[in-house]
Amino acid sequence: MKRKILIHPDPRLKKVCEPVADISDELRRLADDMLETMYDAPGIGLAAPQVGHLDRLIVLDCVKEEGAAPRPLVMFNPEIKAASDEVSVYDEGCLSIPDQYAEVTRPREVEVEWLDRDGNLQRETFDGLWATCVQHEIDHLNGKLFIDYLKPLKRQMITRKMQKLKREMARA
Ligand code: GNR
Ligand code: NI
């Protein structure tokens with residue numbers, strides 16, 4: 001089932017999310033719905049707070065080659081264990097901030113530990129788009145959006161555009 005994606009500004013997108021204590025069937029269903037919502041958007045990642053759930057859960061699939069096998073990842077309680085000194089710059093977007101893009105600088109490589117949907121501990125080093133995306137998603141769990149890395153004026157400009165968009169969406 002597809003879920004509705006919250007649009008910034010929304011107080012739920014600013015909250016620090018709660019660690020998942022046990023991976024229930026309900027949370028597994030939420031993860032499946034998030035993947036469906038992400039692929040439908042389409043997007044390469046989605047965090048639980050973007051669909052109004054304040055749990056530490058993200059999903060991602062950054063395979064972009066046409067015809068390549070998909071790699072849907074479900075991460076409960078993801079944690080960055082190590083980050084490279086080397087950085088990379090990526091033109092980021094966010095499904096909660098539609099049609100707005102800006103360059104964000106982040107570590108080029110990150111080692112991430114998480115629980116998979118069966119509760120098994122996983123650890124993997126990501127680079128390229130995967131590294132950017134997993135950091136963007138973990139930021140969501142800490143109430144942080146990519147626009148928080150921008151200069152205040154640019155952030156304010158984007159926030160005003162989103163307020164206008166939400167007013168128009170409410171009228172339609
Ligand atoms: O779909 C998305 N694309 C994207 C592009 C560059 C950097 C990060 C992302 S994540 C975004 C989906 C989203 O908003 N996830 O929270
Ligand atoms: Ni996002």
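Residues numbered from 1 in each chain as written. Chains lettered and ligands numbered in written order. Predicted model: local features only at pLDDT ≥ 70, side-chain atom pairs only at ≥ 80, totals over all residues. Heavy atoms only, no water.

**Student:** An account of the coordination of the nickel ion (ligand 2) is needed here, citing residue identities and associated values.
**Tutor:** Six octahedral donors around a metal ideally subtend angles of 90 or 180 degrees, whereas four tetrahedral donors ideally subtend 109.5 degrees. Looking at the nickel ion (ligand 2), the protein donor atoms are C94 (SG), H136 (NE2) and H140 (NE2), and they sit 2.1 to 2.3 Å from it. In the primary sequence, the donor residues of the nickel ion (ligand 2) line up as C-x41-H-x3-H. Of this pair, C94 sits in strand β4 (residues 87–94) while H136 sits in helix α2 (residues 128–141), and the two are 42 residues apart along the sequence. H136 matches C94 in its accessibility class, with the two residues each being buried. (Donors = N, O, S within 2.8 Å, 3.2 Å for Na, K, Ca; no water. Helix = DSSP H or I, 4+ residues; strand = E, 2+ residues; numbered from the N terminus. Buried < 20%, exposed > 50% of the residue type's maximum accessible area, 1.4 Å probe, protein only.)

**Student:** Explain helix α3 (residues 152–171) to me, and be specific about the residues and the numbers.
**Tutor:** Residues separated by three or four positions in an α-helix point in the same direction, a consequence of the helix having 3.6 residues per turn. Over its 20 residues, α3 runs 29 Å from end to end, which matches the ideal 28 Å to within 8%, given 1.5 Å per residue. Among all positions in α3, only I158, T159 and M162 are buried. The arc enclosing the buried residues of α3, seen along the axis, measures out at 100°, which places them on a common side. In α3, the exposed residues that point more than 90 degrees away from the buried face are L153, R160, R167 and R171. Residues of α3 that are buried make contact with β5 (97–107). (Expected span 1.5 Å × (residues − 1). Arc of directions from axis to C-beta. Contact = heavy atoms within 4.5 Å.)

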